[in-house]
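# An overview of the molecular structure
Residues per chain are reported as follows:
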Amino acid sequence: MYEAYLTCSKRTGLHKVLRVVPATYLEEERSVEPFADTFNALATSNNALELLEAIDSLPLLVPTERLGNERRVYTVDEAIAMLDGGKWAPSRPETLEYEAHFDAGVPDEDDNRKRATNAALRRRDAQAAGLVGLLRITDRRGAYVVAEPLLDWTFARNVLGLTARLLYQISSGDPGEALTRTGFVHDRSRTLKADVYRIPFAFNTYFTQGLGFFTVPDKLNPLMEKALKVEKTKTGTAKRRFEEGVGVYVVTAPVATDEYNSIFQSKMSIAEKRYYLCIEDHGEGQEQLAKECVGAIASAAMDLKGDDGENLGWEFDAQSLVDGSPAPSFSRHSMLPDFVYRLIYRSSQSEGIDICAHCGNAMLVSQGRGKPRIFCSDACRMRHKRSASE
Ligand SMILES: [Zn+2]
């Protein structure tokens, strides 16, 4: 377990998650066990603090030194210099709330989220928690500091949470209303010239606080940029597709909702600063569209590539042809594809998906053993108790 700390990059105005890890952590291909517990901790995290606590026990998102030309691995001395020199600055509460905002399925409990954001800042901000002091007494030869964009983690959390909720609706919920029950809204988009199901999905870094209007770097969310393929339409609208040729893509809020006016207003709701995931509706029905969405997400995870084209997704393992395996096996080269793979191809006899009775997030449950699980976490059990007694 390696404690995750927060810092705000002075250059991009966005947060990074810092962890001090041994050198071996960077090389090993690791498969997390027990999978269900680790998956649930990440996919059902409802605020910044729960996300950081989940990251403590998770592998690196990608086992590479860079992604999207952004460095992710630093020596201990470099990290001390970044923190001391102010390039890794104290966290910013307002941006943090946008970056760690999770989408549909998360209950809208503003007070809880504010409390959790404040707790995350108090306990996990690298400056407040004295990470520099810890680094000064760390053995420099054996350790590295990993800096992963918080938005990469939020993206991973949203992809897994959404996929799990869709799989639940398809298999044991209400397949005919799989999308609306997952939180999608059905509407006609004049901009997209299509009927779409849409759901808020990621923070639009265009709205990062403190950056000049025209100086926003293009790629601030490396994992999402790598996983999705950008396509510009004739009218200049950028669609980020999970899979080529499939009508499942990510667009900005004004494109998804046709509402452009408020961009120039100073006060905007969280929803307006989001990217939306859209599924085009040509009358296929919600069950079919939900399956296409899961398929497109799986395809993006399988095809994930690093900066030099190295495979970070999953691929057929030729060794399984000759080692007596009963079925082909697949190597997974990074965490998000590994989790997507294990979520989709879980053993349905032993691992089911259920919905948390409080927050509505989907969670993995073991079937047949002991009492069925009702809540995704102790925090949700407590929140439920509190709201019931109010
Ligand atoms: Zn819950």
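Residues numbered from 1 in each chain as written. Predicted model: local features only at pLDDT ≥ 70, side-chain atom pairs only at ≥ 80, totals over all residues. Heavy atoms only, no water.

## A few points about the overall build of the chain
In terms of helices and strands, the chain carries 15 helices and 17 strands. Over its C-alpha trace the chain gives a radius of gyration of 21 Å, about what one expects of a compact globule, namely 21 Å for 390 residues. Expressed along its principal axes, the backbone C-alpha trace of the chain runs to roughly 60 × 60 × 55 Å. With 390 residues in all, the chain has 53% of them scored as buried. Across the chain, contacts joining residues at least 24 apart in sequence account for 68% of those joining residues at least 6 apart. (Helix = DSSP H or I, 4+ residues; strand = E, 2+ residues; numbered from the N terminus. Rg over C-alpha atoms; globule rule 2.2 N^0.38 Å. Buried < 20%, exposed > 50% of the residue type's maximum accessible area, 1.4 Å probe, protein only. Contact = heavy atoms within 4.5 Å.)

## Details of the coordination of the zinc ion
Looking at the zinc ion, one finds its protein donor set to be Cys-356 (SG), Cys-359 (SG), Cys-376 (SG) and Cys-380 (SG), positioned 2.3 Å from the metal centre. Here the zinc ion binds 4 donor atoms, and the angle range of 107 to 114° at the metal identifies the geometry as tetrahedral. Since its relative accessible area comes to 6%, Cys-359 is described here as buried. (Donors = N, O, S within 2.8 Å, 3.2 Å for Na, K, Ca; no water. Tetrahedral: all angles 85-135°; square planar, octahedral: opposite > 155°, others 65-115°.)

## Digging into the pairing of strand β8 (residues 185-189)
Pairing geometry for β8 and strand β9 (residues 194-203), over 5 bridges, is antiparallel. Note that in β9 the partner of Val-185 across the bridge is Arg-198. Taking the residues between adjacent antiparallel strands as the criterion, β8 and β9 are bridged by 4 residues, where Lys-193 takes a positive phi near 50°. (Pairing = 2+ DSSP bridges.)

## Here's the deal with the packing of helix α8 (residues 150-171) against helix α14 (residues 335-344)
Interaxial distance between α8 and α14 falls to 11 Å at its minimum, and their mutual angle equals 10°. By the angle between their directions, the pair α8 and α14 is classed as roughly parallel. Counted together, Trp-153, Phe-155, Ala-156, Val-159, Leu-160, Thr-163, Ala-164 and Leu-167 of α8 and Met-335, Leu-336, Phe-339, Val-340, Leu-343 and Ile-344 of α14 form the full contact between these two elements. Residue composition of the contact of α8 with α14, by class: 13 nonpolar, 1 polar and no charged. (Axes fitted to C-alpha atoms, helices over the stretch in contact; angles between N-to-C directions. Parallel < 35°, antiparallel > 145°, perpendicular 65-115°, else oblique. Nonpolar A, V, L, I, M, F, W, Y, C, P; charged D, E, K, R; others polar.)

## Section: the packing of aromatic side chains
One pass over the structure, following the stated rule, counts 12 aromatic pairs. Taken together, a centroid distance of 4.9 Å and an interplanar angle of 70° make the contact between Tyr-2 and Tyr-25 edge-to-face. Residue Tyr-2 is found in the segment before β1 (5-9), and its partner Tyr-25 is found in helix α1 (residues 24-27); the two are separated by 23 residues along the sequence. Residue Tyr-2 is classed as partly exposed on the basis of its relative accessible area, which comes to 25%. On the numbers, 5.1 Å between centres and 90° between planes, the contact of Phe-35 with Phe-339 is edge-to-face. Residue Phe-35 is located in helix α2 (residues 35-43), and its partner Phe-339 is located in helix α14; the two are separated by 304 residues in the primary sequence. For the pair Phe-35 and Phe-339, a shared accessibility class is recorded, and that class is buried. (Phe/Tyr/Trp six-rings, centres within 6.5 Å; stacked < 30°, edge-to-face > 60°.)

## A short note on the confidence of the model for the chain
When the pLDDT values of the chain are averaged, the result is 87; 90% of them are 70 or greater. Considering only residues more than four positions removed or in separate chains, one finds that residues 212-217, a stretch of pLDDT under 50, has 6 contacts. (pLDDT = per-residue confidence, 0-100.)

## Thoughts on the nonpolar core
In terms of nonpolar packing, the biggest core is built from 77 residues, with Phe-242 and Leu-277 touching the most fellow members. In terms of residues, this core owes the most to one element, α8, which gives 12 residues. Setting aside chain neighbours within four positions, we find Phe-242 in contact with Phe-201, Ala-227, Leu-228, Lys-229, Val-248, Val-250, Leu-277, Ala-296, Ile-297, Ser-299 and Ala-300. If you look at the next biggest cluster of nonpolar residues, it comprises 17 residues, including Leu-18, Met-82, Leu-83 and Ala-147. (Core = buried A, V, L, I, M, F, W, Y, C linked by side-chain atoms within 4.5 Å.)

## Concerning helix α3 (residues 48-55)
With 7 of 8 residues buried, α3 lies mostly within the body of the structure. The opening residue of α3, the one whose side-chain oxygen lies 3.1 Å from the backbone nitrogen of Leu-49, is Asn-47. (Polar contact = N/O pair within 3.5 Å; in protein donor to acceptor, adjacent residues only side chain to side chain.)

## Examining a nonpolar patch on the surface
On the surface, Phe-316, Leu-321, Val-322 and Phe-330 cluster together to form a nonpolar patch covering roughly 420 Å² of accessible area. In this fold, Phe-316 is placed in strand β14 (residues 314-317). Residue Phe-316 is classed as partly exposed on the basis of its relative accessible area, which comes to 42%. (Patch = residues over 30% accessible without salt bridge, like charges linked within 9 Å, V, L, I, M, F, W, Y side chains within 5 Å. Areas by Shrake-Rupley, 256 points an atom, 1.4 Å probe, with all protein chains shown as cover. Salt bridge = Lys/Arg side-chain N within 4 Å of Asp/Glu carboxyl O.)

## Quick look at the sheet that holds strand β12 (residues 248-252)
Strand order in the open sheet formed by 6 strands is β8-β9-β13-β12-β11-β10, with antiparallel pairing between adjacent strands. At either margin of the open sheet sits one strand with a lone partner, and together these are β8 and β10 (229-232). Put simply, the sheet's adjacent strands are angled 40° from each other on average, direction ignored. Inspection of the sheet shows β12 paired to strand β13 (residues 274-280) by 5 bridges, in the antiparallel sense. Across the sheet, the residue bridging to Val-250 is Leu-277, located in β13.

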